[in-house]
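Spelled out from the first residue to the last, the chains are:
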Amino acid sequence: MKNMSDKTTKPFLALTSVLIGAFIGMFSETALNIALPQFMHVFSLNAGTAQWLVTGYMLVIGIILPFSSLLTKWFSTRQLVIFGVSDFIIGILISTLAPSFGILLTGRMLQGIATGILLPLMFTLALQLFPPEKLGSAMGICALVIMLAPAVGPTVTGMILGNLSWHWIFWSFLPFLALALVAAYLYLPNIGQITRPKVDLPSFFSSIIGFSTLIAGVNFATGFGWTSLQVLITLVLACVTLCFYVHRQVKLKTPILNLQIFTLKAFRLGTFLVMLDFDHFVSDVSITTIHAKGTPSSGCFDRDRNVTRGSDQCFDVCDSWATL
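Per the secondary structure count, the protein chain includes 14 helices and zero strands. Going residue by residue from the N terminus, the α and β elements of the protein chain occur as α-α-α-α-α-α-α-α-α-α-α-α-α-α. Put simply, of all contacts in the protein chain between residues at least 6 apart along the chain, 80% involve residues at least 24 apart. Accessible surface computed for the protein chain: about 16000 Å², of which carbon and sulfur atoms make up 70%.

Below, the structure is given as C-alpha cells:
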C-alpha cells in the first residue's frame, strides 16, 4: 500500500485513472444511441433488439452499482480500478471484433460491469484523496465528468459515423483506457481498509433480481406493450423483489446499500431531478436516432445536433427547478 502522503501531494494524478474510466463509461452510455440505425442495418435487427445494446449496458450498471460499497470492503482500490479498466478494454475488443450481435452485446455488458465499478469509485476516491479545502474543486470535476460525457457522446459519435464505420466508436476508447490503466499502476494508492464483512445473501440476490427485472420489464414493453403478460409479470416481480430488498436494507445493521439518506428532503429532490434529466436525455437520443429519416450511415451529425438541442433544454428546466 502506498504512503498516504500521496493524498495531499498528488491527488489529481491519483484520481486520473477513475476520471478517465468514468468519463468513457458515461460517454459510451449515450454514444451508441447514434449508431443504433447502423447496427440495425448491419445485423438485420429491429429497433427493440438493437436497443439492448443500450438497455443491456444500463442493466449491468444497475446491477453492479448497489454493490459498490461492499466491493470496496472486499477488494483494494487498486484491484478494483485496474480490474475495471482492464475489463472495459476486453469488452471493447470483443465488441469491436464481434461477428454477430450476440457477441457484440456480450462485450457491451462487460463494459457495463466496468462502468458500474469505476463510476462510484470516482466519488469515493475524491472524498478520501483530497483535503477539505480542495474537495469542492474535486467534486466539481467529478460532476463535470457525469454531465459532460453523455452530452458530448452523440456529437462525437455522429462525427465518427459520418466518416468511418461503427467499429471506430469502440476503437476510439482504447487509447484513453490504456492511459487510465498506466495511471492506475503508477499513481493510484490503496484507500480504506479491507474488512470483508459478511454478505447478506437475501439482499445480494434480491438486488440482482429486482434491478435487472425492472430494467428488463421496461425494455420488454417496447416490443410487447405495457399490458402484455410478459411485461406485467416482469414488473410485478421487480416491484415485489425491490420492496423486499428495501425492507431488508432498512432493518439490517450493516446493509449492502444504506437507504437512510433518502430521509433527507434535499437528497430526494436532487435524486429525482437527476433521474428526470437523464431519462429525458436518453429517451431523446434513442427516439431521434432510431426514427430519424435517412440511411444508417448518413445524417448522423444532423441527428446528433437535434439531440444536443433537446438535452440543453432539459438541463435548463432542471436547473430552474433546482433553484426553487
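In this model, the protein chain carries a mean pLDDT of 79, and residues with pLDDT of at least 70 account for 83%. Of all the helices and strands in the protein chain, helix α14 (residues 300-322) carries the lowest mean pLDDT, 48, while helix α6 (residues 77-96) carries the highest, 91. Scored below 50 in pLDDT, residues 1-8 makes 16 contacts in the model with residues more than four places away or belonging to other chains. In the predicted structure, residues 313-324 sits below a pLDDT of 50 and forms 12 contacts with residues beyond four places in sequence or in another chain.

What follows is about the environment of Q230. One can find Q230 in helix α12 (residues 229-251). Counting along the chain gives 13 residues from Q230 to G217, while the straight-line C-alpha distance between them is 7.9 Å.

A separate point is the packing of α6 against helix α7 (residues 101-129). Put simply, α6 and α7 touch, their axes get as near as 8 Å, and they point 155° apart. Judged by the angle between their axes, α6 and α7 are roughly antiparallel. For α6 against α7, the interelement crossing comes out left-handed. Classifying every residue of the contact of α6 with α7 gives 17 nonpolar, seven polar and two charged.

We now examine the state of the cysteines. Inspection of every chain in the model, using the stated rule, returns zero disulfides. Looking at the unpaired C239, the closest cysteine sulfur is the one in C243, lying at 6.5 Å. Using a relative accessible area of 46% as the deciding quantity, one classes C239 as partly exposed.

Locating F220 in the fold gives a position in helix α11 (residues 201-224). Residue contacts for F220: discarding those within four places in its chain leaves W52, G225, V231 and T234.

Let's shift gears to α12. Residue pairs spaced three or four apart in an α-helix point in one direction, given the helix's 3.6 residues per turn. End to end, α12 covers 33 Å across 23 residues, agreeing with the expected 33 Å (1.5 Å per residue, within 8%). Turning to α12, its buried residues number three or more, namely V231, T234, L235, A238, T241, L242, Y245 and Q249. Next to the buried residues of α12 lie α11.

Rules and cut-offs
- Residues numbered from 1 in each chain as written.
- Predicted model: local features only at pLDDT ≥ 70, side-chain atom pairs only at ≥ 80, totals over all residues.
- Heavy atoms only, no water.
- Helix = DSSP H or I, 4+ residues; strand = E, 2+ residues; numbered from the N terminus.
- Contact = heavy atoms within 4.5 Å.
- Areas by Shrake-Rupley, 256 points an atom, 1.4 Å probe, with all protein chains shown as cover.
- pLDDT = per-residue confidence, 0-100.
- Axes fitted to C-alpha atoms, helices over the stretch in contact; angles between N-to-C directions.
- Parallel < 35°, antiparallel > 145°, perpendicular 65-115°, else oblique.
- Left-handed = near helix turned anticlockwise from the far one by under 90°.
- Nonpolar A, V, L, I, M, F, W, Y, C, P; charged D, E, K, R; others polar.
- Disulfide = S-S within 2.5 Å.
- Buried < 20%, exposed > 50% of the residue type's maximum accessible area, 1.4 Å probe, protein only.
- Expected span 1.5 Å × (residues − 1).

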